[in-house]
Amino acid sequence: MHQPYFPQSKPAMEDQLTFPNPVRESLRARAVVTKIWPYLLVVLVVVVALLKIFGLRGFNPAYPIQPLSGDGYLSLYVAKALGENALLHNPRVGAPLGLDYYDFYQPDYLHQAILKCLDLITGQAMLAVNLYWLGSFVLIALAAFYVFRRFHLSVGVSLVCAVLYAFTPSHLMRSFNHLFLSAYYVVPFAGMVALQIMFERPLRLKAVLGSSDKEQRTTRDRSKLIRFLWFTIPLAIVLGGSGVYYAFFSMLFIGAAGCYAILRQRNWVYGMTGLACAAIIGLSTGAAMLPKAIYEMRAGSSAQVADRNPVEESVYSLKIAELFLPNPEHRIAKLRAISQDYINTFPALNANEGEWSNLGVVGSLGLAALLLWPFLRVSRDQYDQLMKFILILTLVGLLFTTTEGFGALFSQFITAKLRCQTRVVFFIAFFALFAFGIVVEKLIQRLPPKPAFQVPVAIGLGLILVCGLYDESFAELHVPHQPLKAAFQREDRFFQQIESVSPVSGMVLELPYQGFPEVPGVNNTDPYDDLRGYIHSKKLRWSFPTMRGRPDDEWIQNLDANPTPILIRNAALAGFCGIYVERQGFKDGAAAFESELRSLTQAQPIVSPDGQLSFYSLTRYTQALQRATKPDEWARLVHQVRPNLVLTMVSGIYGQETDRNRSWRWCNQKGAFEIVNATGHEQKADLTGSLTGWSSQKASVWFTTFNKTIRVPLRSEGNKFDVPVVLKPGDNRISFRTDSPRAPAPNDSREMYFQLSGVELVEH
């Protein structure tokens, strides 16, 4: 058996003989076709599987494949924002200030670049998302097939394992809701690099530097290493932009392979190459996060967005049992019941993505064979050596990501941001199907090399593929597309009606208020349903979403908290041209709210065909209000209501508490305020309030603005403060710190040092 990677190519027979040019070109073309046809066959099989599993015959990709909700709308939002060059700052949402997406930004530049290209070509977010999601099945299968063939699995075995890998249950479950997580075509290449590093024989440094006596072998080894580097370094950069989870797990496996090469094989050249590759992945991911880091340096970090707790790692960790359990939505009722019984027995541990991390029958057999391999009597050929390396990588993944594994220590002492350890399932599935392919390949090699056995082998592989796809898929994927298309079109016409009666670039207030991101829906709504307005419209500006913990979000919350008459009045003064009502977000279906809305605005609503959405124009109401108000008073009211200066307590300040006499907020030792100046010019103001210390010990609080620090003494009876600030247009930050001792509260996990109350921002 040849070396598993980059085997030394030998001159083809047609290149060794002398042929006339037409004959030689014909032979070369035939060689190219011989290399390409297996990949075309993979594409054909994947397309047929997609048509069958999802029932795509007659499907129009410009409309949803499955019912839209929740994260599906978020995928569409990202696609449309990319097409409008508005992902990081989008003026068409988060009205009136616009949405800064930095707090929720992920290093997905590989997927974002492809999705943006598709959006620019198609001009439709829905079409771009569908093409990328359906294309992910093809790309994943092709990537896995390429890697399997590089390790000398036969065409038939490679095809079966690659197609089954593309249709793992976790991929089918995610649909386009987790669009970028579904595009895991980089995973096989990460596994390929890790295995090559472990497979390569030790290469001395002096051979790389060209000082070896064995010149021919040295040149060959050096050339092989150079080719490996030319492949690995660009791949590492791509992996860094494939999403933080796939980047991190690629670092884990490639780094583990590098350590194995150094410690076990004394192969310093390839071992250090692996560690360097892991470092490049990390640096690429870090570089992709620079916009977020720069934004947080200017505006401060938001503790409310993507805040993770180490406990969550255990909930979202990998469960080995779930790798072997049947699909929770399996087509066979008895198998479905087995999985559901397990989930119901341990609901606290399985109410997450983990219930979909099963590998299917074929993948489970491969993982079982892999784990049993050390106990079996094997032939010790290169397939067995390959199995050993795959087993080592699999154990690394299981030990790190399984419940209370090393990932728990990583979450506790390094960072809890990577909580969903179960997303390693695509690496585990790749290794498991790779192992299954090796076992099948070894069984086939035991058969006599006679043509009579080729047909039964082909039939057997075909049965494995068909049964495997049946086992991995589930009936709910086959959704009638005409009703989905009709519903999407009706929804689109509803929003076009809203746009037709609204001014260009008019602002629409969406009610009830819904937090963003990762906030449960209000009453009977899903979290991101209010993104529909932006997705379907072309010119309107929408109040949802605003980023949690930021000034614009607090402004919208305060507006929504007013009684209906004041809410409508302030919305009109703030410049909103209409109110969009998500009726399911109200306990009574918005009956009481809309009754007041009709009475006050005298507007007839535009209602969606399903009766769940309504829109009330504020144009006539605003005109009547302006006619009834003196110009000077109108200008004063507009200035008072619109978010000219918006104050937010960004960090180090806890929620408000009250008693009969007063209200206050406990503060940490350090914290910050953020002030957004939306006036468009420099503005002077005073930050005022009161500080209260808990101890008689002498202490102070220091407020730091752009160019000065102001000290305010802490007193137990309370002490007012007045911090003058000069606010530049945009985001402004005021930080504070104290030398007060921590308040003793043994039953309270908060770090409390002093109390803050009555905070206001007074314009000059």
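The preceding data block contains the structure.
Nothing here was measured: the structure is a model prediction, and the numbers come from that model.

**Quick word on the environment of Met387**
Here is step 1: By secondary structure assignment, the location of Met387 is in helix 19 (residues 382-401).
Here is step 2: Separated by 23 residues in the primary sequence, Met387 and Ser364 place their C-alpha atoms 15 Å from one another.
Here is step 3: In contact with Met387, other than residues within four places in its own chain, are Ala369, Leu370, Trp373, Ala435, Ile438 and Val439.

**Notes on the environment of Ser695**
Here is step 1: Checked against the element boundaries, Ser695 lands in the loop between strand 10 (683-693) and strand 11 (699-704).
Here is step 2: For the pair Ser695 and Tyr753, spaced 58 residues apart in sequence, the C-alpha separation works out to 9.4 Å.
Here is step 3: Within the structure, the side chain of Ser695 is placed 3.0 Å from the backbone nitrogen of Gln697, a separation counted as a polar contact.

**As for the packing of aromatic side chains**
Here is step 1: Under the definition given, this model contains 48 aromatic pairs.
Here is step 2: An angle of 85° between the planes, with centres 5.8 Å apart, marks the rings of Tyr63 and Phe488 as edge-to-face. Separated by 425 residues along the polypeptide, Tyr63 in the loop between helix 2 (21-54) and helix 3 (71-83) and Phe488 in helix 23 (residues 481-500) bring together distant segments of the chain.
Here is step 3: Here Tyr77 and Tyr101 contribute two aromatic rings whose centre-to-centre distance is 6.2 Å and whose plane-to-plane angle is 45°, an arrangement assigned as tilted. A residue pair is termed long-range when its members are at least 10 positions apart, and Tyr77 in helix 3 and Tyr101 in the loop between strand 2 (99-100) and helix 4 (109-122) qualify at 24 residues.
Here is step 4: Tyr101 sits in the buried class, given a relative accessible area of 6%.
Here is step 5: Here Lys80 stacks its cationic end above the ring of Tyr534, 5.3 Å away from the centre of that ring.

**Things to note about the sheet that holds strand 6 (residues 606-607)**
Here is step 1: On the basis of which strands lie adjacent, the open sheet formed by five strands has the order 4-3-5-7-6 and mixed pairing. The sheet is open, and its two edges are formed by strand 4 (541-542) and strand 6, each paired on a single side.
Here is step 2: Where strand 3 (residues 507-511) and strand 4 come together, two bridges link them in parallel fashion. Bridge pairing in strand 4 links Met507 to Arg541.
Here is step 3: Most of the contacts of helix 27 (residues 591-601) go to strand 7 (residues 613-617), to which it runs at about 20°, and overall it touches strand 3, strand 5 (576-582) and strand 7.

**So, the packing of helix 19 against helix 21 (residues 425-445)**
Here is step 1: In the contact formed by helix 19 and helix 21, the axes pass within 10 Å of each other and the chain directions differ by 160°. The angle between helix 19 and helix 21 falls in the class roughly antiparallel. Handedness of the crossing formed by helix 19 with helix 21: left-handed. In this structure, helix 19 contributes Tyr383, Asp384, Leu386, Met387, Ile390, Leu393, Thr394 and Leu398 to the contact, and helix 21 contributes Ile428, Phe431, Phe434, Ala435, Ile438, Val439, Glu441, Lys442 and Gln445.
Here is step 2: Tallied by class, residues from the contact of helix 19 with helix 21 come to 12 nonpolar, two polar and three charged.

**Considering the nonpolar core**
Here is step 1: If you look at the biggest cluster of nonpolar residues, it comprises 156 residues, and the most contacted ones within it are Phe54, Tyr77, Tyr101, Tyr165, Phe167 and Phe434.
Here is step 2: Considering each element in turn, this core owes the most residues, 15 residues, to helix 5 (residues 125-150).
Here is step 3: When near neighbours in sequence (up to four residues on either side) are disregarded, Tyr77 contacts Asn90, Val93, Leu99, Tyr101, Leu531, Tyr534 and Ile535.
Here is step 4: Core analysis: the next-biggest nonpolar cluster, separate from the first, contains 31 residues, Ile568, Phe576, Val581 and Phe586 among them.

**Brief notes about the pattern of salt bridges**
Here is step 1: What the rule picks out here adds up to 13 salt bridges.
Here is step 2: Between Glu200 and Lys224 there is a salt bridge, with its nearest N and O atoms 3.3 Å apart. Separated by 24 residues along the polypeptide, Glu200 in the loop between helix 8 (187-199) and helix 9 (205-209) and Lys224 in helix 10 (residues 215-240) bring together distant segments of the chain.
Here is step 3: Assessed through its relative accessible area of 9%, Lys224 is described here as buried.
Here is step 4: The partner of Lys442 in a salt bridge is Asp384, and the shortest N-O contact between them spans 3.2 Å. With Lys442 in helix 21 and Asp384 in helix 19, the pair connects residues that are 58 residues apart, well separated along the chain.
Here is step 5: Here Asp384 falls in the buried class, since its relative accessible area comes to 3%.
Here is step 6: Overlapping salt bridges, with partners in common, bring together Asp103, Arg550 and Glu674 in one network.

**Overview of unusual backbone geometry**
Here is step 1: Residues Ala95 and Pro96 are joined by a peptide bond in cis, for which omega reads 10°.
Here is step 2: The topology assignment puts Pro96 in the loop between strand 1 (89-90) and strand 2.
Here is step 3: Residue Pro545 is reached from Phe544 by a cis peptide bond, and omega for that bond is 0°.
Here is step 4: Locating Pro545 in the fold gives a position in the loop between strand 4 and helix 25 (551-560).

**Here's the deal with empty space enclosed by the protein**
Here is step 1: Counted under the stated rule, the structure contains four cavities of 30 Å³ or more.
Here is step 2: Looking at the largest cavity, its volume works out to about 60 Å³.
Here is step 3: Here the residues of the lining of the largest cavity sort into four nonpolar, three polar and two charged.
Here is step 4: What the second largest cavity holds in volume is close to 50 Å³.
Here is step 5: In terms of lining residues, the second largest cavity is bounded by Pro512, Gln514, Val522, Thr525, Asp526, Pro527, Asp529, Asp530 and Glu582.
Here is step 6: Broken down by class, the residue content of the lining of the second largest cavity amounts to three nonpolar, two polar and four charged.

Rules behind the numbers
- Along each chain, residue indices are assigned from 1 in the same order as the chain's sequence is written.
- This being a predicted model, a pLDDT of at least 70 is required before a residue's local features are given, and a value of 80 or more before pairs of side-chain atoms are given or counted; all residues contribute to the totals for chains, interfaces and linings.
- As a rule here, side-chain values cover all heavy atoms of the structure and leave hydrogens and water aside.
- Helix and strand assignments come from DSSP, with helices taken as H or I runs of at least 4 residues and strands as E runs of at least 2, each series counted from the N terminus.
- The contact criterion used throughout is that any non-hydrogen atoms of two residues lie within 4.5 Å.
- Whenever a nitrogen or oxygen atom comes within 3.5 Å of another N or O atom, the pair is scored as a polar contact, on the condition that within protein one atom can donate a hydrogen and the other can accept it, and that pairs from neighbouring residues in sequence are kept only if both atoms are in side chains.
- Each pair of aromatic rings taken from Phe, Tyr and Trp, with Trp reduced to its six-membered ring, is defined by centres within 6.5 Å and is described as stacked if the planes are under 30 degrees apart, edge-to-face if over 60, and tilted in the remaining cases.
- Relative accessibility decides the category of a residue: with a 1.4 Å probe and only protein chains considered, values under 20% of the type maximum give buried, values over 50% give exposed, and everything between is partly exposed.
- Two thresholds decide whether a charge sits over a ring: the Lys NZ or Arg CZ must be within 6 Å of the ring centre and within 35 degrees of the ring normal.
- By definition, two strands form a pair when at least two bridges between them are found by DSSP.
- For helices, the fitted axis covers only the stretch in contact; all axes are lines through C-alpha atoms, and the angles between them, taken along N-to-C directions, range from 0 to 180 degrees.
- Between 65 and 115 degrees an angle is taken as roughly perpendicular, under 35 as roughly parallel, over 145 as roughly antiparallel, and anywhere else as oblique.
- Two helices that cross are described as forming a left-handed crossing if the nearer one is turned anticlockwise from the farther one by less than a right angle, and a right-handed crossing if clockwise.
- Polarity classes work like this: nonpolar for Ala, Val, Leu, Ile, Met, Phe, Trp, Tyr, Cys and Pro, charged for Asp, Glu, Lys and Arg, and polar for all others, with Gly in that last group.
- What is meant by a nonpolar core is a set of buried Ala, Val, Leu, Ile, Met, Phe, Trp, Tyr and Cys residues, joined one to another through side-chain atoms within 4.5 Å.
- Any carboxyl oxygen of Asp or Glu that lies within 4 Å of a side-chain nitrogen of Lys or Arg is treated as forming a salt bridge with it.
- For cavity detection a 1 Å grid was placed over the protein atoms alone, and a set of points counts as a cavity when a 1.4 Å probe fits there but cannot get out; an open set counts as a pocket when protein lies on both sides within 12 Å along at least five of seven lines, with lining residues being those that have an atom within 4 Å of a point.
- Grid points are joined across faces, edges and corners, and a volume is the space filled by probe spheres set on the points.

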